[in-house]
Amino acid sequence: MDGSTSGPAAHYSDLSRDELEAQITELAGQLNAANYRWLTLIAEFDRRQAWADGSLHSCAHWLNFKVGLNLGAAREKVRVAHALAGVPKIAAAMARGELSCSKVRALTRVATDATEDSLLMIALHGTAFHVETVVRHFRRAQEAEELSREAQQQCGRTVDYWYDNDGSLVLKARLPALAGSLFVKALEAAMTKVPATAVNVELAEEHQVSYQARRADAFALVAESYLERSSPSASTADRFQVVVHVDAETLKARTAGRCHLEHGPSLPAETVRRLACDASMIRIVETERGEPLDVGRKTRTIPPAIRRALKASDPGCCFPGCTFKRHLDAHHIEHWVDGGETKLSNLVTLCRVHHRLVHEGGIGIEARRGGGWCFLRLDGREFETPNREPAPTYEWTALRETHAAQEIHIDSDTAATRWRGERMDFELGVWTLCAQEERARRLAGVPSESCDVSAETFEADAPQSPAGAKSGTTGCSKL
């Protein structure tokens, strides 16, 4: 190798160090402004639920599928995109190219009307490290002042439930903040598995599912996930099973008859057909008075050997665009009660949400020539995986032209931080933020609770002054 430069970066070798630095810093500002526009587009896209076509579960999944972000990063982008609406001054600074995504991501975790100005000053005059550190300590200080409420929360915790007249289960809960946070996290994680649209069979069209209804579906997934994890062995699984009693004729012909949860309300026959696709079955012969004459052995609808082969061929949900590889069911294309065989050519793997849509939403499945499955809407259109078009050739100066047309003027100093090496006084910064929050509470008539901030809290995290910096401590740019 001769060390020569070739390829797309070859023409950069003629740039001086100062020219390279100027282009890097200017482009950083251009990217900041472009990222702001991108996040505002994501927020509007999510508000309209434009991603909801029946095959994807959330805007984060759409970003994962269409843009190539991993789910964690995609969820964070959606969070920041919505949070920008509540911090207009921070959003405006990002739109001008002055704040990076890293800084904005940290600021939106804690910024309020009372603290936005101070946090923006810290972000403009400090590094991303300074911003992350202040935010971390500020959150720690906020948590400390809330400890006095813990005892009241523990005394008031309660969960009640009862069955309503229509058979629905009604829940009422009051949880301590920590337990409630864990529950909300679990519910939000489960929400990613619940689609935002459902198929109305009578109207032959898709409709939006309300957020509250999706939460209810997610709550059921949380309970199911716990039961799956809590069974230490197959021999104890019976303790966690949901038992359904159904007459054979009801299951086969969907006629009126016994079809209900054990010690619970009735269920639609099609729902039980979905459950019976992949469940343990016990055949019981009864007299006319309902007395058992013969109880057969418990059997699996799908034998273990076929299940292993299906898992090898279908490692995840086969619905187009679905990324889930857990909580999967084996679906009979032709149901076994209708004579369908339990063999690989008649089985497809689906997640719980899409399994329900196939049974109760009217979505059809057909074998595709050459292998695979074709999923059809009620009107016969196919759910297809969209093709990804190759990205066009890009010149970074296009961003400059775009922003100039919008009267956004960005140069090599726009995105640069104004920190010159002085040591930041994190204690002063967090004390100021706590005081501003306290003042806002007093003005709003909320009982005052002081923020206890000590110098020892920050000693381990405070950056040391670089060589040549002034001695002593300073606030962050006259905070």
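To be clear, the structure that these remarks concern was listed above.
Okay, so let's go over this structure. Each residue is numbered by its place in its chain's sequence as written, counting from 1. Whole-chain, interface and lining totals are the exception, using all residues; otherwise, since this is a predicted model, local features are given only for residues with pLDDT of at least 70 and side-chain atom pairs are given and counted only at 80 or more. To obtain the side-chain values, all non-hydrogen atoms of the structure were used and water was disregarded.

It is worth spelling out the overall build of the chain at this point. Helix and strand definitions here come from DSSP, where helices need a minimum of 4 consecutive H or I residues and strands a minimum of 2 consecutive E residues; each element is numbered from the N-terminal end. A count of helices and strands for the chain gives 17 helices and 14 strands. For each residue, the accessible area found with a 1.4 Å probe, counting protein chains only, is set against the maximum for its type, and the residue is called buried under 20%, exposed over 50%, and partly exposed in between. When the 479 residues of the chain are sorted by exposure, 34% land in the buried category. It only takes one pair of heavy atoms within 4.5 Å for two residues to be counted as in contact. At a minimum sequence separation of 6, the contacts of the chain that also span at least 24 residues come to 63%. Carbon and sulfur atoms make up 53% of the accessible area of the chain, which amounts to about 28700 Å² in all. Under the convention used here, a 1.4 Å probe and the Shrake-Rupley method define accessible areas, while residue burial counts only the protein chains that appear.

Whenever a helix is involved, its axis is fitted only over the stretch in contact; in every case the axis is a line through C-alpha atoms, and angles between N-to-C directions fall within 0 to 180 degrees. Put simply, helix α1 (residues 17-47) and helix α3 (residues 71-83) touch, their axes get as near as 8 Å, and they point 95 degrees apart. As summarised for this structure, α1 and α3 are arranged roughly perpendicular, according to the angle between their axes. Residues Trp-38, Leu-39, Ile-42, Ala-43, Asp-46 and Arg-47 of α1 form the contact with α3, whose participating residues are Lys-77, Val-78, Val-80, Ala-81 and His-82. The residue makeup of the contact of α1 with α3, split by class, is 7 nonpolar, 1 polar and 3 charged. Oblique is the label for any angle not covered by the other classes, which are roughly parallel (under 35 degrees), roughly antiparallel (over 145) and roughly perpendicular (65 to 115). Each residue receives one of three labels: charged for Asp, Glu, Lys and Arg, nonpolar for Ala, Val, Leu, Ile, Met, Phe, Trp, Tyr, Cys and Pro, and polar for the others, Gly being one of them.

In what follows, salt bridge is the name for a side-chain nitrogen of Lys or Arg lying within 4 Å of a carboxyl oxygen of Asp or Glu. Applying the stated rule across the entire model yields 10 salt bridges. Between Arg-17 and Asp-18 there is a salt bridge, with its nearest N and O atoms 3.4 Å apart. This pair shows no difference in class: Arg-17 is exposed, exactly as Asp-18 is. Here Glu-76 ties to Arg-79 by a salt bridge, and the two come within 2.8 Å at their closest N and O atoms. Placement of the pair is Glu-76 and Arg-79 together in helix α3, with a separation of 3 residues, close to one helical turn. The exposure class of Glu-76 is partly exposed, given its relative accessible area of 23%. Under the relative-accessibility criterion, Arg-79 is labelled partly exposed at 30%.

This part is about a nonpolar patch on the surface. The grouping of Val-159, Tyr-161, Tyr-163, Leu-169, Leu-171, Leu-175, Phe-183, Val-184 and Phe-219 at the surface amounts to a nonpolar patch, some 840 Å² of accessible area in total. Residue contributions to the nonpolar patch peak at 3 residues, all from strand β1 (residues 158-163). Its location among the elements puts Leu-171 in strand β2 (residues 169-174). Two distance rules govern patches: like charges are joined within 9 Å, and nonpolar side chains (Val, Leu, Ile, Met, Phe, Trp, Tyr) within 5 Å, applied only to residues with over 30% relative accessible area and no salt bridge.

What follows covers helix α16 (residues 426-444). An expected span of 1.5 Å times one less than the residue number is assigned to each helix. In this model, α16 (19 residues) spans 27 Å end to end at C-alpha, consistent with the 27 Å of a helix rising 1.5 Å per residue. When we look at burial in α16, the residues that qualify are Phe-426, Gly-429, Val-430, Thr-432, Leu-433, Cys-434, Gln-436, Glu-437, Glu-438 and Arg-441. Sitting at the head of α16, Asp-425 places a side-chain oxygen 3.2 Å from the backbone nitrogen of Glu-427. Of the residues flanking the end of α16, it is Gly-445, one or two places downstream, whose phi is positive at about 80 degrees. Side-chain atoms alone can form a polar contact between residues adjacent in sequence; in general such a contact is a pair of N or O atoms within 3.5 Å, and within protein one must be able to donate a hydrogen while the other accepts it.

Here we come to the nonpolar core. Joining through side-chain atoms within 4.5 Å is the link that ties buried Ala, Val, Leu, Ile, Met, Phe, Trp, Tyr and Cys residues into a set, and such a set is a nonpolar core. Counting residues in hydrophobic clusters, the biggest one holds 42 residues, and the most contacted among them are Ile-90 and Leu-99. For this core, the elements supplying multiple residues, two or more each, are α1, α2 (59-66), α3, α4 (88-95), α5 (101-107), α6 (116-125), α7 (128-145) and α16. Apart from residues lying up to four places away in sequence, Leu-99 is in contact with Asn-32, Ile-90, Ala-93, Met-94, Val-104, Leu-107, Leu-120, Ala-123 and Leu-124. Counting residues in each nonpolar core, the second largest holds 15 residues, with Phe-319, Cys-322, Leu-350 and Val-353 among its members.

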